[in-house]
Amino acid sequence: MTPKLIFDAHLDLAWNALDFNRDLRLKMERIRHRELGGPEKCSGRGTVCFPEMRRGNVGLCVATQLARHVPYFGRAGDLGRLTGYASPEQAWASTQGQLAWYREMEGCGELVQIRDRTQLEARLASWLGAAPAGPAPRPIGYVLSLENADSIVSMAHLEKAYASGLRAIGPVHYGPGVYGHGTFDEGPLTPRGHELLKEMERLGIILDATHLCDESFWDAMRRFSGPVWASHSNCRVLANWNRQFDDDQIRELIRRGAVLGMAFDAVMMVHGWEWGRSRPQDFGLKIGKIVEHIDHICQLAGNARHVGIGSDLDGGFGTEQTPLDLDSIADLASLGDLLAARGYKPDEIDGITHGNFVNFLRAAWR
Ligand SMILES: [Zn+2]
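Residues numbered from 1 in each chain as written. Predicted model: local features only at pLDDT ≥ 70, side-chain atom pairs only at ≥ 80, totals over all residues. Heavy atoms only, no water.

Caption draft 1: Examining the overall build of the chain more closely. Across its full length, the chain holds 13 helices and eleven strands. In terms of overall dimensions, the chain is globule-like: its C-alpha atoms have a radius of gyration of 19 Å, near the 21 Å expected for 366 residues. The principal-axis extents of the C-alpha atoms in the chain amount to approximately 50 × 45 × 45 Å. Per-residue burial for the chain yields a buried fraction of 61% across its 366 residues. For the chain, the exposed surface amounts to about 14,100 Å²; the carbon and sulfur share of it is 51%. (Helix = DSSP H or I, 4+ residues; strand = E, 2+ residues; numbered from the N terminus. Rg over C-alpha atoms; globule rule 2.2 N^0.38 Å. Buried < 20%, exposed > 50% of the residue type's maximum accessible area, 1.4 Å probe, protein only. Areas by Shrake-Rupley, 256 points an atom, 1.4 Å probe, with all protein chains shown as cover.)

Printed below as a string of structure tokens:
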């Protein structure tokens, strides 16, 4: 059974629109066709656009701004298009361009920004209610998030960002950042990272624990007492490297009421994926693999309230790095049946597909 609604806690929509030149209003085939022979490994293989999101009932999401500051090189090695700007000021300007794109998409009725509980309930009612009559597409609700905080030049910029609707921040990304240490790296948050957490707590901005390396993770847990989620993080016990959380980290997140969004990037789903070399066929990788991650978290929690979806499906990869039975984001809908087959009850499936993140936001925005 197709879930009534999917809440996807991690999509890099604006980055795809501007850095990959994808007009997400177009049908998937048209976006792919435009990119055939393109330079990126994911060229012509994208899986996310608004029509596919609607087809899979992905009506609510967390959408990012993403721009890094990398002082010592321009591109982040293996990570392809992840440009690192020479200064935080340039990164800030890039995120403001991304914000301008979100505003344009609001202007043409594709997206609606969600900043508070009233707006959340309105979007929820729109998607759980009957589909609108007429040709206009049902707007997708998005909560604005920032993936790595390098672009936050000063705490005055943070206030400005909050006023623009920014409601969640993951302080770091890959490698070292201005505010701490991310995936593939080690080390605690920087003194500026400590200051950032304090200001986030004052403003009520959600801390996204995803991408924090172990030391920065525990540093952040000690210092931050506001709401925490992990927008796109799987289980290390099933995909063994520091991009995923180990069981102690997952237990800490559960203790704090967090929800972990399950990502569908192959490299985060299985042990031993080699970037650029492995193929989904080598692992017989199917969407169902994610149910093992979901189940692991539910077993640690003793309930099904701390896990959701944070697909990351437009995170710089396409079908070369997704499960074999996932051609577009609409295929996330198969999770309903997969979870039912694993013994999950209808209300638990509703929670995993959207309710857990919705309830998290209700509590955070009380
Ligand atoms: Zn990410």
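Caption draft 2: View of the coordination of the zinc ion. Taken together, Glu-147 (OE), His-211 (NE2) and His-232 (NE2) make up the protein donors of the zinc ion, found 2.0 to 2.3 Å from the metal. Residue His-211 is classed as buried on the basis of its relative accessible area, which comes to 3%. (Donors = N, O, S within 2.8 Å, 3.2 Å for Na, K, Ca; no water.)

Caption draft 3: Local environment of helix α6 (residues 155-163). Within α6 the residues assigned to the buried category are Met-155, His-157, Leu-158 and Ala-161. Along the axis of α6, the buried residues cluster in a sector spanning 145°; they form a single face. Turned more than 90 degrees away from the buried face of α6, the exposed residues are Ala-156, Lys-160 and Ala-163. Elements in contact with the buried residues of α6: α4 (88-107), β7 (166-170) and α7 (191-203). (Arc of directions from axis to C-beta. Contact = heavy atoms within 4.5 Å.)

Caption draft 4: Representation of the environment of Pro-191. If you trace the backbone, Pro-191 turns up in helix α7. With relative accessibility at 68%, the residue Pro-191 sits in the exposed group.

Caption draft 5: Fine view of the pattern of salt bridges. A complete count under the given rule lists 21 salt bridges for this structure. A salt bridge links Glu-52 to Arg-55, with the nearest nitrogen and oxygen atoms 2.8 Å apart. Taken together, the residues Glu-52 and Arg-55, both in helix α3 (residues 50-55) and three residues apart, mark about one turn of the helix. If you follow the salt bridges from partner to partner, you end up with Arg-117, Glu-121 and Arg-362 in one network. (Salt bridge = Lys/Arg side-chain N within 4 Å of Asp/Glu carboxyl O.)

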